[in-house]
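# Observations on the three-dimensional arrangement
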Amino acid sequence: MKQRVAQLEYSEFQSAMLDEDKRRRKAAKIIAVLEHFHGPLAGLTVGDVGCSAGFIADELARAGAGRTLGIDIDVPGLRRAADRFGERVAFVCGDGTALPFPDGSVDVLVFNHIYEHVVDPDAVVTEMRRVLSDDGVLYLGLGNRLGIMEPHYKLPFLSYLPAGAADRYVRAFGRADHYYERFRTRRGLRRMLRAFHVWDYTLPVLATPTRFAGGELFPGAAGRAVKSVLARTPRPVLRLLLPLVPTYLWVATKTPRAPVGAALPQPPERVRPL
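- Per an unreviewed UniProt entry, the chain goes by the name Methyltransferase domain-containing protein and belongs to Nonomuraea maritima.

### Focus: the packing of helix α2 (residues 20-38) against helix α3 (residues 55-62)
- For the pair α2 and α3, the least separation of the axes is 8 Å and the interaxial angle reads 45 degrees. Relative to α3, the element α2 is oriented oblique. Both α2 and α3 take part in a crossing whose hand is right-handed. Residues Glu20, Arg23, Arg24, Ala27, Ile30 and Ile31 of α2 lie in contact with α3, whose contacting residues are Phe55, Ile56, Asp58, Glu59, Leu60 and Arg62.
- Each residue belonging to the contact of α2 with α3 can be placed in one class, and the counts come to six nonpolar, no polar and six charged.

### Examining a positive patch on the surface
- Among the surface-exposed residues, Arg187, Arg191, Arg194 and Arg272 lie close enough to one another that they form a single positively charged patch.
- One can find Arg191 in helix α7 (residues 186-192).

### A short note on the sheet that holds strand β2 (residues 67-72)
- Here we have eight strands laid out as an open sheet, ordered β3-β2-β1-β4-β5-β7-β6-β8, and mixed in their pairing. In this open sheet, the two strands that pair with only one neighbour each are β3 (90-93) and β8 (269-270).
- The pairing of strand β6 (residues 197-200) with strand β7 (residues 247-253) spans four bridges and is antiparallel. Looking at β7, one finds that His197 is bridged to Thr253.
- Running over the sheet, α2 touches β4 (106-112), β5 (132-143), β6 and β7 and is turned about 140 degrees from β5.
- Taken strand by strand, helix α4 (residues 75-85) contacts β2 and β3, and its axis lies near 165 degrees from that of β3.

### Quick look at the pairing of β6
- Here β6 pairs with β8 via two bridges, running antiparallel. Pairing of Trp199 across the sheet is with Arg270, part of β8.

### Observations regarding the pattern of salt bridges
- One pass over the structure, following the stated rule, counts 14 salt bridges.
- A salt bridge links Asp58 to Arg88; the shortest N-O distance between them is 2.4 Å. Of this pair, Asp58 sits in helix α3 while Arg88 sits in the loop between α4 and β3; the two residues are 30 residues apart in sequence, bridging distant segments of the chain.
- A network of salt bridges, in which partner residues are shared, links Glu20, Arg24, Asp58, Glu59, Arg62, Arg84 and Arg88.

### What about helix α5 (residues 121-131)?
- For α5, every residue scored as buried is listed here: Pro121, Val124, Val125, Glu127, Met128 and Val131. Seen end-on, α5 carries its buried residues on one side only, within an arc spanning 165 degrees.
- Along its buried surface, α5 packs onto β1 (45-49), β4, β5 and α7.

Cut-offs applied
- The residue numbers shown here count from 1 along each chain, following its written sequence.
- The predicted nature of this model means local features are confined to residues of pLDDT at least 70 and side-chain atom pairs, given and counted, to a pLDDT of 80 or more, with totals for whole chains, interfaces and linings taken over all residues.
- Think of the side-chain values as coming from all heavy atoms in the structure, minus any hydrogens and water.
- Only the stretch in contact is used when a helix axis is fitted, and all axes are lines through C-alpha atoms; the angle between N-to-C directions ranges over 0 to 180 degrees.
- Helix and strand labels come from DSSP, where a helix needs a run of H or I of at least four residues and a strand needs a run of E of at least two; each type is numbered from the N terminus.
- Here the word oblique covers every angle except those under 35 degrees (roughly parallel), over 145 (roughly antiparallel) and from 65 to 115 (roughly perpendicular).
- Helix crossings get a hand from a simple test, with the near helix turned counterclockwise from the far one by less than a right angle marking a left-handed crossing and a clockwise turn marking a right-handed one.
- In what follows, residue pairs with any heavy atoms lying within 4.5 Å of each other are defined as contacts.
- The nonpolar class holds Ala, Val, Leu, Ile, Met, Phe, Trp, Tyr, Cys and Pro. Asp, Glu, Lys and Arg form the charged class, and all remaining residues, Gly among them, are polar.
- Residues qualify for a patch when their relative accessible area is over 30% and they have no salt bridge, like charges being joined within 9 Å and the nonpolar side chains of Val, Leu, Ile, Met, Phe, Trp and Tyr within 5 Å.
- Surface exposure here means Shrake-Rupley accessible area, sampled with a 1.4 Å probe, where a residue is shielded only by the protein chains that are shown.
- Salt-bridge detection follows one rule: a side-chain nitrogen of Lys or Arg within 4 Å of a carboxyl oxygen of Asp or Glu.
- Note that His is not counted, nor are the chain ends; the positive residues are Lys and Arg, and the negative ones are Asp and Glu.
- Taken as the charge location is NZ of Lys, CZ of Arg, CG of Asp or CD of Glu.
- Between any two strands, pairing holds if DSSP finds at least two bridges.
- Burial classification: accessible surface area is computed with a 1.4 Å probe over protein chains only, and a residue below 20% of its type maximum counts as buried, one above 50% as exposed, and the rest as partly exposed.
- The directions considered for the arc are those from the helix axis to the C-beta atoms.

Okay, here's the thing in structure tokens:
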């Protein structure tokens, strides 16, 4: 089996990282979830692990963070980020398995759709836990291996396949030379986060998207119908769908905490540890 190596210069071949409007909309969702769980970011030290071109880090700074850090190994992306946002964000070229920060020095970390790209996500999670303060918060956007449509190459069931078959699949459709990403199931993600206390914001965001994500998730009349159904569907029924949800939105802490935000039609729920 071909050994995985770090994806250097990711923004050079993944154009989505340079889609400013989309990245800023994602940042708005991240900030809304963080503020519902924790409260305002004002005065906090906030880090975006896997920041690439820096749009999310810039939005975190605009949200009032006292100090904002952007960390990545994507040198071209970091150069773009520093050129545009370097006055309000400190960008650092660093590996997630060896973050250049002291123990307990960061109040909030964002790790959004990154774990599938790194060689050793468990080591990155361990390192983020080290630098997070005792009452700190980690935001996680986590792709699900059992999501039907693979998000990077838009091929159904791609992430279900073993590595060799996935390589042949992306080559057959001219999407890439090989399939690099490695997703985990919900159970695997729970195991990856077993050292944390985790709250699941997936259903709250889906059920009340205007509260967290504006019109990004469900535009138009069809979207309004979906929102209405999700808001009124009993929680046990929604739980049955969780194994196939394409993306999980989780908030993790080192010590037990509860959300501080207002009640929601579908409230966040603790993720049972493994």
